[in-house]
Amino acid sequence: MSTYRSSFQQKRQRNRRRMLIMIALFFVVMCVIGFIFLNNYSYISKPIIQTADGKSVSLYIPTGADYKYVKNEIVSMNVLKSKKAFDWLARKTNYDENVHPGRYVLVDGMTNQQLVNMLRMGYQTPVKVVFNNMRTVEQLAGRISEQIEADSISIIDAIYANDSVDATTFIPNTYEFYWNTDADDFIGKMAVEHARFWNETRRQKAQALNMTPREVSILASIIDKETTKTSEMPTIAGVYINRLKKRWPLQADPTLIFALGDYNIRRVLDVHKNIDSPYNTYKYAGLPPGPICIPSIAAIDAVLNAENHKYFYFCAKDDLSGYHVFAKNINEHNRNADRYRRALNRNRIYR
């Protein structure tokens with residue numbers, strides 16, 4: 001009986017030891033799992049972006065860039081708290097094989113998971129593209145290339161390759177684009193915006209003037225170069241429309257400056273009026289063949305809402321304020337012009 005009890009106790013002890021070993025192994029495994037989980041959690045969920053003064057920064061990824069470029073670019077920005085953590089998650093999620101170009105905004109306090117998901121899914125932030133006061137499409141292309149990925153040469157080439165596109169296609173304003181927009185997509189969107197701008201109301205106003213939208217824009221480009229004072233644009237537009245109705249030459253000094261290609265001229269002289277150019281509106285009646293700048297919305301709307309008056313002449317005021325004085329007949333205009341010439345002479349403005 002005692003032998004049986006002794007054997008039973010030994011068996012119980014062995015089972016107890018086995019149970020303790022299993023419990024110990026379980027705790028070891030759980031600790032290992034917990035350590036891995038906490039380590040991975042810190043790699044995934046802890047903030048990884050720390051910017052100066054808490055301000056967001058923009059990461060630009062060019063078309064064709066690889067993961068090495070992206071990683072080096074972020075590191076060079078000095079906003080990444082752990083290069084190791086970023087690299088680990090990027091490879092775990094296969095971002096290193098799925099790089100998307102564009103502009104990405106890195107926000108202070110962004111976690112590694114948020115950062116990698118944004119880049120991996122291509123959730124880029126659009127840029128605000130602004131242009132105004134552009135004289136030529138070449139100047140426009142240079143300005144646009146400073147704001148999106150497309151370079152100025154590709155934009156110019158795309159413009160000249162499309163017969164339906166010229167300076168009147170581009171309506172100066174603020175637009176949203178993805179940074180990695182190419183030249184063709186830029187022009188395509190501008191064509192859409194042009195069609196949206198020329199709504200039924202504006203088209204009807206142009207038709208009432210017996211002008212096409214393009215002709216309105218050509219006249220608006222002249223007005224843009226005649227004055228910087230928006231308040232008097234409709235009055236100047238009225239003068240030119242009166243001349244067009246009478247089939248007079250427009251005699252617009254800015255068209256001579258455009259024809260000469262010398263934009264430093266401040267005083268148009270008789271010698272300038274001899275240039276043989278279709279843009280010489282002293283020599284050729286009607287509108288010039290194209291715009292002399294990219295017209296502003298204010299100038300376009302000034303033409304469409306031109307004042308109905310009997311002025312046929314205008315001249316810069318002799319106070320050199322930039323405003324103009326208007327006249328109904330040549331005698332009155334000559335007196336105004338003489339006062340302005342004397343003001344130029346007093347201020348030693350000879351060209």
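Up top is the structure.
Conventions and cut-offs
- Residues numbered from 1 in each chain as written.
- Predicted model: local features only at pLDDT ≥ 70, side-chain atom pairs only at ≥ 80, totals over all residues.
- Heavy atoms only, no water.
- Helix = DSSP H or I, 4+ residues; strand = E, 2+ residues; numbered from the N terminus.
- Buried < 20%, exposed > 50% of the residue type's maximum accessible area, 1.4 Å probe, protein only.
- Areas by Shrake-Rupley, 256 points an atom, 1.4 Å probe, with all protein chains shown as cover.
- Salt bridge = Lys/Arg side-chain N within 4 Å of Asp/Glu carboxyl O.
- Axes fitted to C-alpha atoms, helices over the stretch in contact; angles between N-to-C directions.
- Parallel < 35°, antiparallel > 145°, perpendicular 65-115°, else oblique.
- Left-handed = near helix turned anticlockwise from the far one by under 90°.
- Contact = heavy atoms within 4.5 Å.
- Nonpolar A, V, L, I, M, F, W, Y, C, P; charged D, E, K, R; others polar.
- Lys, Arg positive; Asp, Glu negative; His and termini not counted.
- Polar contact = N/O pair within 3.5 Å; in protein donor to acceptor, adjacent residues only side chain to side chain.
- Arc of directions from axis to C-beta.
- Core = buried A, V, L, I, M, F, W, Y, C linked by side-chain atoms within 4.5 Å.

**A word on the overall build of the protein chain**
Then, number 1: In terms of helices and strands, the protein chain carries 13 helices and six strands.
Then, number 2: Out of the 351 residues in the protein chain, the part that is buried amounts to 39%.
Then, number 3: For the protein chain, the exposed surface amounts to about 20300 Å²; the carbon and sulfur share of it is 50%.

**Overview of the pattern of salt bridges**
Then, number 1: Evaluation of the coordinates by the stated rule reveals ten salt bridges.
Then, number 2: Across the pair Glu-176 and Lys-128 runs a salt bridge, and its minimum N-O distance is 3.1 Å. Here the residue Glu-176 occupies a position in strand β4 (residues 173-177), and Lys-128 occupies one in strand β3 (residues 127-131), the gap between them amounting to 48 residues.
Then, number 3: Residue classification places Glu-176 among the partly exposed residues on the basis of a relative accessible area of 42%.
Then, number 4: We classify Lys-128 as exposed; its relative accessible area is 55%.
Then, number 5: For Arg-342, the salt bridge is made with Asp-338, and the minimal N-O distance between the two is 2.2 Å. A residue pair is termed a helical-turn pair when its members lie 3 or 4 positions apart in one helix, as Arg-342 and Asp-338 do in helix α13 (residues 330-346) at four residues.

**Digging into the packing of helix α3 (residues 83-92) against helix α4 (residues 112-121)**
Then, number 1: The contact between α3 and α4 brings their axes to 10 Å, and the two run at 50°. Classed by the angle they form, the pair α3 and α4 counts as oblique. In the packing of α3 onto α4, the handedness of the crossing is right-handed. Two secondary-structure elements touch here, α3 through Ala-85, Phe-86, Leu-89 and Ala-90 and α4 through Asn-112, Gln-113, Leu-115, Val-116 and Leu-119.
Then, number 2: Residues of the contact of α3 with α4, tallied by class, amount to seven nonpolar, two polar and no charged.

**Observations regarding the packing of helix α9 (residues 213-226) against helix α10 (residues 233-245)**
Then, number 1: Relative to each other, α9 and α10 sit at 130°, their axes nearing to 10 Å. Compared by their axis directions, α9 and α10 come out oblique. Crossing geometry of α9 relative to α10 is assigned as right-handed. Along the contact surface, α9 presents Leu-219, Ile-222, Ile-223, Asp-224 and Glu-226, while α10 presents Met-233, Ile-236, Ala-237, Tyr-240, Ile-241 and Leu-244.
Then, number 2: Split into classes, the residues belonging to the contact of α9 with α10 amount to nine nonpolar, no polar and two charged.

**Quick word on the side chain of Glu-232**
Then, number 1: Mapped onto the elements, Glu-232 comes out in the loop between α9 and α10.
Then, number 2: One buried charge, Glu-232, has no salt-bridge partner; the nearest side chain with opposite charge is Lys-317, at 6.9 Å.
Then, number 3: Polar contacts involving the side chain of Glu-232 include one to the side chain of Thr-227, which spans 2.8 Å.
Then, number 4: Ignoring any residue separated from it by four or fewer positions in sequence, one finds Glu-232 in contact with Thr-227, Gly-322, Tyr-323, His-324 and Phe-326.

**Remarks on the environment of Asp-301**
Then, number 1: Position of Asp-301 relative to the elements: it lies in helix α12 (residues 297-304).
Then, number 2: Asp-301 gets classed as partly exposed once you look at its relative accessible area, which sits at 22%.
Then, number 3: When the C-alpha positions of Asp-301 and Pro-234 are compared, they lie 8.2 Å apart, and in sequence the two are 67 residues distant.

**Description of helix α6 (residues 152-160)**
Then, number 1: For α6, the set of buried residues is Ile-155, Ile-156, Ala-158 and Ile-159. Burial along α6 is one-sided: seen end-on, the buried residues are contained in an arc of 165°. Looking at α6, the residues exposed on the side facing more than 90 degrees away from the buried face are Ile-153 and Tyr-160.
Then, number 2: On the buried face of α6, the contacting elements are α5 (137-145) and α7 (183-197).

**Some remarks on the nonpolar core**
Then, number 1: Ranked by internal contacts, the top residues of the largest apolar core, which has 53 residues, are Phe-170, Phe-186 and Tyr-240.
Then, number 2: Every element with two or more residues in this core is listed here: β3, α5, α6, β4, α7, α9, α10 and α12.
Then, number 3: At six residues, α10 tops the list of elements feeding residues into this core.
Then, number 4: Residues within four places of Phe-170 in sequence aside, it is in contact with Phe-131, Leu-140, Ile-159, Val-165, Phe-186, Met-190, Ile-294 and Pro-295.
Then, number 5: Ile-49, Phe-86, Leu-115 and Val-116 belong to the second-largest nonpolar core, a separate cluster that totals 23 residues.

**Thoughts on the side chain of His-309**
Then, number 1: Its place among the elements puts His-309 in the loop between α12 and β5 (313-316).
Then, number 2: Note on His-309: relative accessible area 14%, which makes it buried.
Then, number 3: There is a polar contact of 2.9 Å between the side chain of His-309 and the backbone oxygen of Thr-235.
Then, number 4: In this structure the side chain of His-309 is engaged in a polar contact, spanning 3.1 Å, whose partner is the backbone nitrogen of Tyr-311.
Then, number 5: Those residues within four positions of His-309 in sequence are excluded, and the remaining contacts are Thr-235, Gly-238, Val-239 and Asn-242.

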